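Chains, contacts and geometry: an overview
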Amino acid sequence: MTPRVQLPQASPSLRIARYRAAIDARIAAVLSSQSYILGPEVEQFETAFASYIGAQHCVGVATGTDALALALRALGIGRGDEVVTVSLTAAATASAIAQCGAEPRFIDVDPHTRCMDVNRLSAAITPRTAAIMPVHLHGHPVDMTAVMEIADRHALAVVEDCAQAHGAQHNGHRVGSFGTLAAFSFYPTKNLGCIGDGGAVVTSDAALATRLRALRAYGWQTAERISTEPGWNSRLDELQAGILNVLLPELDSYTSERRAIARTIHQGLSTSPAGDDIELATLDPGSVHHQFAIAVPNRDLIRQHLGKVEGIGTAIHYCPALHQQPAYAACATDELANTELLAARMISLPIQPEVVGDRGSQLIEAVARVVRACNPS
Ligand SMILES: *Cc1c(COP(=O)(O)O)cnc(C)c1O
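So, here's what we can say about the structure. Quantities reported herein were computed from a predicted structural model and do not represent experimental measurements.

What counts, and at which threshold
Numbering of residues begins from 1 in every chain and follows the order in which that chain's sequence is written. Only residues with pLDDT of at least 70 are given local features in this predicted model, and only at 80 or more are side-chain atom pairs given and counted; all residues enter the totals for whole chains, interfaces and linings. Only hydrogens and water are set aside; all other atoms, that is, all heavy atoms of the structure, feed into the side-chain values. Using a grid of 1 Å spacing that covers the protein atoms alone, one calls a set of points a cavity when a 1.4 Å probe fits there but cannot get out, and a pocket when the set is open and has protein on both sides within 12 Å along at least five of seven lines; lining residues are those with an atom within 4 Å of a point. Grid points are joined across faces, edges and corners, and a volume is the space filled by probe spheres set on the points. Charged means Asp, Glu, Lys or Arg here, nonpolar means Ala, Val, Leu, Ile, Met, Phe, Trp, Tyr, Cys or Pro, and polar covers whatever is left, Gly included. To qualify as a helix, a DSSP run of H or I must reach at least 4 residues; to qualify as a strand, a run of E must reach at least 2; elements of each kind are numbered from the N terminus. For every residue, the accessible area (1.4 Å probe, protein chains only) is compared with the maximum for its type, and the residue is labelled buried under 20%, exposed over 50%, or partly exposed between those bounds. Working definition: residue near molecule or strand if any one of its non-hydrogen atoms lies within 4 Å of it. In the analysis that follows, any N or O atom pair within 3.5 Å is treated as a polar contact, provided that within protein one partner can donate a hydrogen and the other can accept it, and provided that, for residues neighboring in sequence, both atoms belong to side chains. Residue-level accessible areas treat just the shown protein chains as cover; the underlying method is Shrake-Rupley with a 1.4 Å probe. Cavity and pocket membership follows a simple rule, namely that a molecule belongs there if more than half of its atoms are within 2 Å of the grid points.

For the structure on display, the rule yields three cavities of 30 Å³ or more. Of the pockets and cavities examined, the largest cavity occupies roughly 160 Å³. Residue lining of the largest cavity: 16 residues in total, with His140, Ala281, Thr282, His289 and Gln291 positioned closest to the centre. Taken together, the residues of the lining of the largest cavity sort by class into six nonpolar, eight polar and two charged.

Right, let's get into the environment of Gly357. Its place among the elements puts Gly357 in the loop between α12 (353-356) and α13 (360-374). Taking the relative accessible area as the measure of exposure, Gly357 reaches 43% and is therefore partly exposed. A sequence separation of 24 residues divides Gly357 from Thr333, and the C-alpha atoms of the two residues are 42 Å apart.

Another aspect to go through is the site of the ligand. Near the ligand lie 15 residues; those nearest to it are Gly64, Thr65, Asp161, Ser185 and Lys190. Between Gln164 and the ligand, the recorded distance is 2.8 Å, taken from a side-chain N or O atom to an oxygen atom. Protein chains shield 90% of the accessible area of the ligand, which is 380 Å² for the free molecule. Placement of the ligand is best described as lying within the largest pocket.

Below, the structure written as structure tokens:
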């Protein structure tokens, strides 16, 4: 039987194809240039991206994980320190903390936003807490007003994990402009993605930006290349930065397309006959909808039918939750009931504009049909 709809969960190559001519020209220019690492493309991107986010400085690095870890290192966070974050996130969030020698401390998420439940934040702060790391999961902006108020009250640094939230807004300001520092990833499937690994740290603190520039290149602080501390090697290359320079000016219109698709799916599913069996996240106008995840009972059966019968690709992000994995089994501060329920129930549907296109209503009908069939009541 041929599946009814043919939609992959995501397709970075369709996005590249859309901007292919401009990308080809940029790659050709880099190939003929004198510089392949930390050159003019990187500088142009750093300036443009800092300004886009609404911060003073941007430092390009090799990956989003490095961006998180180097942000913590720039703050001097390490052994003996705790960083409060969530367990419902990519492994990278916690591995960046652990890589610095610090300990992730997980609090539960709000079932409606699927992000850090800010009401649980104060209770998780101990004398060892050094920073808070909110994750704008699926592109949904965390309530940064509440996070910054608590951080200020306890004199804590905030490192925003913006790997899924390029351009997302809270109270009219872009995420990444609230925290002491913020980390971005440009992994190919992210809303702003290159064709390899890439990342950046954004901050408005000049001293932290200077230290980050040293940390990403062997600790060199001066033009004479003198290492004042051991540092690292974590650099953004010219090819990736060139592609990001092509895609950054397209990001806002790209986000508008994602928002329109997310609104259609949200409305369609909540009013469908399967609406009672599907839990949706709050539709926040500031979200950039990196993923569109539904939470359903009977998830595995539903995924199987969506794939085999309807031809709809789905993904599971993130199950088991991090505190349910051996590396982070000791990191939960409390019972993480909402996290565990969502980890067991969420399915990420296709949301990428080049994939869904004008087939939103087909997607909605197929999902509603399968959820009804798998949960007869
Ligand atoms: C992708 C991602 C990262 C890590 O980015 P990489 O570039 O893959 O290292 C960190 N945090 C979250 C929430 C992510 O989704």
